[in-house]
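# Close look at the chain arrangement
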Amino acid sequence: MIREACQNDLKEILSLYLYLHETDIPEETKHLNSTWDQIINDVNHHLIVCEMDGRIVASCVCVIIPNLTRNVRPYAFIENVVTHGDYRGKGLATLCLNYAKEIAKENNCYKMMLLTSSKEAKTLGFYRNAGYNSSDKTAFIQWLDK
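Presented here is an overview of the structure given in this document. All values reported here derive from a predicted model rather than from experimental measurement.

### Digging into the pairing of strand 2 (residues 45-52)
For a regular strand, side-chain orientation follows a simple rule: the groups alternate between the two sheet faces. The buried fraction of strand 2 amounts to six of the eight residues, a majority that puts the element mostly inside the structure. One ladder, built from three bridges, connects strand 1 (residues 2-4) with strand 2; its direction is antiparallel. Looking at the pairing, Ile-2 lines up with Cys-50 of strand 2. Of the pairings in the sheet, the one linking strand 2 to strand 3 (residues 55-65) comprises eight bridges and is antiparallel in character. Considered in strand 3, the bridge of His-46 is made with Cys-62. Between strand 2 and the antiparallel strand that follows it, strand 3, lie two residues; Asp-53 among them carries a positive phi value of about 55°.

Here's what the structure looks like:
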């Protein structure tokens, strides 16, 4: 089942993120809970989850970004695409991305963008098969320290 995350999903999502790039689950703090509440209550922030066998096993984030160009149409940014290691290769992340695409269409977005740090051919092929290309734009990132 594909759906948007609800208030009670935080612990499962944080556990799933261990398959993304996290090395541990953050300590439950006021800041964590405040950030979670902000995400859950933001109408432009869509944390999509896929449930299977009674647990969250895949997810992605789709953020709708208001925009003044392209006839004042927003665009969607996709981030944190992840599937539990035991559930990979079953098309679950694709289901999440397709759900995000429907959200983008419902919000009249003119494009969807995503970034990946992966250089693996399999991962890049996955995104190409999902309809994304790496030839239209060039991405630059500037990491900020505390």
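On we go from here.
### Focus on a nonpolar patch on the surface
A contiguous nonpolar surface patch, about 240 Å² in accessible area, is contributed by Leu-18, Tyr-19 and Ile-25. Mapping Leu-18 onto the fold places it in the loop between helix 1 (10-16) and helix 2 (30-41).

### Let's talk about the sheet that holds strand 3
The sheet built from five strands is open, its strands ordered 1-2-3-4-5 with mixed pairing. On the outer flanks of this sheet lie strand 1 and strand 5 (112-114), each paired with one strand and no other. Each strand of the sheet is rotated relative to its neighbour by a mean of 30°, with strand direction disregarded. Note that strand 3 and strand 4 (residues 75-83) share seven bridges and pair antiparallel. Directly across from Ile-65, in strand 4, lies its bridge partner Tyr-75.

### Some words on the nonpolar core
Core analysis: the largest hydrophobic core is formed by 22 residues, its most contacted members being Ile-48, Cys-60, Cys-62, Ile-78, Val-81 and Leu-97. Elements that contribute at least two residues to this core include exactly strand 2, strand 3, strand 4 and helix 3 (92-106). Examining the composition of this core, we find that seven residues originate from one element, helix 3, more than from any other. Setting aside its immediate chain neighbours within four residues, Cys-60 contacts His-46, Leu-47, Ile-48, Ile-78, Glu-79, Asn-80, Val-81, Cys-96, Leu-97 and Ala-100. Counting residues in hydrophobic clusters, the runner-up holds 13 residues, among them Leu-10, Leu-32, Ile-56 and Val-61.

### Overview of the packing of aromatic side chains
Scanning the model with the defined rule gives two aromatic pairs in all. Residues Tyr-75 and Tyr-110 carry aromatic rings whose centres are separated by 6.4 Å and whose planes lie at 75° to one another, so their mutual orientation is edge-to-face. Separated by 35 residues along the polypeptide, Tyr-75 in strand 4 and Tyr-110 in the loop between helix 3 and strand 5 bring together distant segments of the chain. On the accessibility criterion, Tyr-75 (19% relative accessible area) is buried.

### With respect to the side chain of Ser-118
Checked against the element boundaries, Ser-118 lands in the loop between strand 5 and helix 4 (121-129). Those residues in contact with Ser-118, other than ones at most four positions away along the chain, are Thr-123 and Leu-124.

### Examining the state of the cysteines
Evaluated as defined, the whole model comprises zero disulfides. Of the cysteine sulfurs around Cys-6, a residue in no disulfide, the closest is that of Cys-50, at 14 Å. Since its relative accessible area comes to 35%, Cys-6 is described here as partly exposed.

About the cut-offs
Residues numbered from 1 in each chain as written. Predicted model: local features only at pLDDT ≥ 70, side-chain atom pairs only at ≥ 80, totals over all residues. Heavy atoms only, no water. Buried < 20%, exposed > 50% of the residue type's maximum accessible area, 1.4 Å probe, protein only. Helix = DSSP H or I, 4+ residues; strand = E, 2+ residues; numbered from the N terminus. Pairing = 2+ DSSP bridges. Patch = residues over 30% accessible without salt bridge, like charges linked within 9 Å, V, L, I, M, F, W, Y side chains within 5 Å. Areas by Shrake-Rupley, 256 points an atom, 1.4 Å probe, with all protein chains shown as cover. Salt bridge = Lys/Arg side-chain N within 4 Å of Asp/Glu carboxyl O. Axes fitted to C-alpha atoms, helices over the stretch in contact; angles between N-to-C directions. Core = buried A, V, L, I, M, F, W, Y, C linked by side-chain atoms within 4.5 Å. Contact = heavy atoms within 4.5 Å. Phe/Tyr/Trp six-rings, centres within 6.5 Å; stacked < 30°, edge-to-face > 60°. Disulfide = S-S within 2.5 Å.

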